Amino acid sequence: MKILHLDSNHAILTEKLKQAGFENYFDFTSSKEDIMPLIKNYEGLIVRSRFPIDKEFLKMATSLKFIGRVGAGLENIDVAFAKAQGISCYNAPEGNRNAVGEHALGMLLSIFNHLNRADKEVRSGLWRREENRGIELEGKTVGLIGYGHMGKAFAKKLSGFDCKVICYDITEGVEDQYCEQVSLQELQLQSDVLSLHIPQTELTIKMIDAEFIAAFEKPFYLINTARGKSVVTEDLVAAIKSNKILGAGLDVLEYEKGSFESLFRPELPQDKLLSKKTASVIPKAFKELLEMDQVLLSPHVAGWTLASAYKLAAVIADKIITNQKTQ
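Report on the accompanying structure. It should be emphasised that the depicted structure is a prediction, and the values quoted were computed from it without experimental measurement. (Residues numbered from 1 in each chain as written. Predicted model: local features only at pLDDT ≥ 70, side-chain atom pairs only at ≥ 80, totals over all residues. Heavy atoms only, no water.)

Bringing the pattern of salt bridges into the picture now. If charged atoms from side chains of opposite charge come close, those side chains can pair. Applying the stated criterion to the full structure yields 14 salt bridges. A salt bridge links Lys241 to Glu288; the shortest N-O distance between them is 2.4 Å. Taken as a pair, Lys241 in helix H10 (residues 233–241) and Glu288 in helix H12 (residues 284–290) lie far apart in primary sequence, 47 residues in all. Of the residues examined, Lys241 reaches a relative accessible area of 54% and is grouped as exposed. Taken together, the salt bridges that share partners define one network made up of Lys32, Asp54 and Glu56. (Salt bridge = Lys/Arg side-chain N within 4 Å of Asp/Glu carboxyl O. Helix = DSSP H or I, 4+ residues; strand = E, 2+ residues; numbered from the N terminus. Buried < 20%, exposed > 50% of the residue type's maximum accessible area, 1.4 Å probe, protein only.)

Written out as structure tokens, the structure reads:
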């Protein structure tokens, strides 16, 4: 089988595929329009997020047997149409679940202890101890929405902190020794912290809005290492202003164009992000978010560690080899 790779990945991916008898071909720069006439020549496709693999693209992929996405989500692929065309789709949440769990924990501890703000203050000559007095995880209730690979990894990390971990998931029977499964209403009643571990679907887009936030019994902290479009930023900002949300750790943002892509227009350099020239393209709610010291931001890298780069690639290779050799 001939496999076309659209994005660079860890070398273990091509090494494993080559050893298994697959032929690897690479195109990291051509546009979707340039690749479409050529995709019929390949039986396999490896992607991250360079462009969407939509129905238009898949109609041209008449020889395609499988798509492997080196990442956790499949929202940039029209999976339903692919399956209708007999194309298998593989992702690799097993490859970066540990990285996401560690990143979520790091964000939570940083927010609880004001580490981001305190670091900036000390560097600028301020020595404010009382204002940066932290809180502890012990005795708190952490509520997780979504209890798949990522949620389970985070819950395992939390098990040593003497806190209570509960989860809500649309699938029944997912609880384990690290987490108790509850109803959404019970999660909103108990949680001191809310952490999202959900894919991007019609059910989860704009899920965390003003009405959803208001249903929580107590003020709470929000961690989002899942998908940015699950949180309505304008409502998040309003909730922070009213102290309904006490702090937020956001690895993903509502305004992202796609995973691992620049937040705004590609012609605007990242180092000019906050210049007067680019200010007009930054949404008002995001401008306000940037000014809040209760908010910790990172650029969609929760699952993007040196170790996960290897593991993601290895998982995809193993899934392709195992499944394609048995068909």
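Sheets are built from strands that pair by backbone hydrogen bonding, the pairs being arranged parallel or antiparallel. Sheet architecture is open: 7 strands sit in the order S8-S7-S6-S9-S10-S11-S12, paired in parallel fashion. Sheet topology places strand S8 (180–181) and strand S12 (295–297) at the edges, where each strand pairs with a single neighbour. Pairing analysis gives 5 bridges linking strand S10 (residues 220–224) to strand S11 (residues 245–250), with the strands arranged parallel. Bridge assignment links Asn224 to a residue of S11, and that residue is Leu250. Contacts between helix H5 (residues 93–112) and the sheet are confined to strand S9 (193–196), S10, S11 and S12, with S10 contributing the most and set at about 145° to the helix. (Pairing = 2+ DSSP bridges. Contact = heavy atoms within 4.5 Å. Axes fitted to C-alpha atoms, helices over the stretch in contact; angles between N-to-C directions.)

A two-sided burial pattern is seen for S9, the buried positions comprising Val193 and Ser195 on one face and Leu194 and Leu196 on the other. Two elements, strand S6 (residues 141–145) and S9, share 4 bridges in a ladder whose sense is parallel. Counted as the bridge partner of Val142 is Val193 from S9. Bridge analysis of S9 against S10 gives 4 bridges, and the strand direction is parallel. Among the inter-strand pairings, Val193 is bridged to a residue of S10, identified as Tyr221.

The end-to-end C-alpha separation of H5 is 28 Å, in line with the 28 Å expected for 20 residues at 1.5 Å each. In the stretch just after H5, His114 is the one whose phi turns positive, near 55°. (Expected span 1.5 Å × (residues − 1).)

Counting residues in hydrophobic clusters, the biggest one holds 31 residues, and the most contacted among them are Ile145, Leu194, Leu196, Leu222, Leu236 and Leu289. Counting only elements with at least two residues in this core, the list comes to helix H8 (184–190), S9, helix H9 (210–214), S10, H10, S11 and H12. Ranked by residues supplied to this core, first place goes to H10 with 4 residues. With residues near it in sequence (within four places) discarded, Leu196 still touches Ile145, Ile208, Leu222, Ile223, Asn224, Thr225, Ala226, Ser230 and Val231. (Core = buried A, V, L, I, M, F, W, Y, C linked by side-chain atoms within 4.5 Å.)

This next bit is on the side chain of Asn96. Looking at where Asn96 falls in the secondary structure, it is placed in helix H5. Apart from the residues within four sequence positions on either side, Asn96 is in contact with Ala72, Met150, Gly303, Ser308 and Leu312.

Interhelical geometry of H5 versus helix H7 (residues 149–158) gives an angle of 45° and a closest axis separation of 8 Å. By the criterion of interaxial angle, the relationship of H5 to H7 is oblique. Classified by chirality, the crossing of H7 by H5 is right-handed. Mapping the contact onto sequence places Pro93, Glu94, Asn96, Arg97, Asn98, Val100, Gly101, Glu102, Ala104, Leu105 and Leu108 in H5 and His149, Met150, Ala153, Phe154, Lys157 and Leu158 in H7. (Parallel < 35°, antiparallel > 145°, perpendicular 65-115°, else oblique. Left-handed = near helix turned anticlockwise from the far one by under 90°.)

Counted by the stated rule, this structure contains 9 aromatic pairs. Plain terms: the ring middles of Phe26 and Phe28 are 6.0 Å apart, the flat faces sit at 75° to each other, and that makes the pair edge-to-face. On the basis of relative accessibility, which here comes to 49%, the residue Phe26 falls in the partly exposed class. Residue classification places Phe28 among the partly exposed residues on the basis of a relative accessible area of 37%. Plain terms: the ring middles of Phe66 and Tyr90 are 6.3 Å apart, the flat faces sit at 40° to each other, and that makes the pair tilted. Taken as a pair, Phe66 in strand S4 (residues 66–69) and Tyr90 in strand S5 (residues 88–90) lie far apart in primary sequence, 24 residues in all. When its relative accessible area of 0% is taken as the criterion, Phe66 is described as buried. Members of the aromatic cluster, joined through ring pairs, are Phe22, Phe66 and Tyr90. Over the face of the ring belonging to Tyr25 we find Lys2, whose NZ or CZ atom lies 5.4 Å from the ring centre. Its end group placed over the ring of Tyr42, Lys2 keeps NZ or CZ at 5.6 Å from the ring centre. (Phe/Tyr/Trp six-rings, centres within 6.5 Å; stacked < 30°, edge-to-face > 60°. Lys NZ or Arg CZ within 6 Å of the ring centre and 35° of its normal.)

On their own, these measurements won't tell you what the molecule is for.
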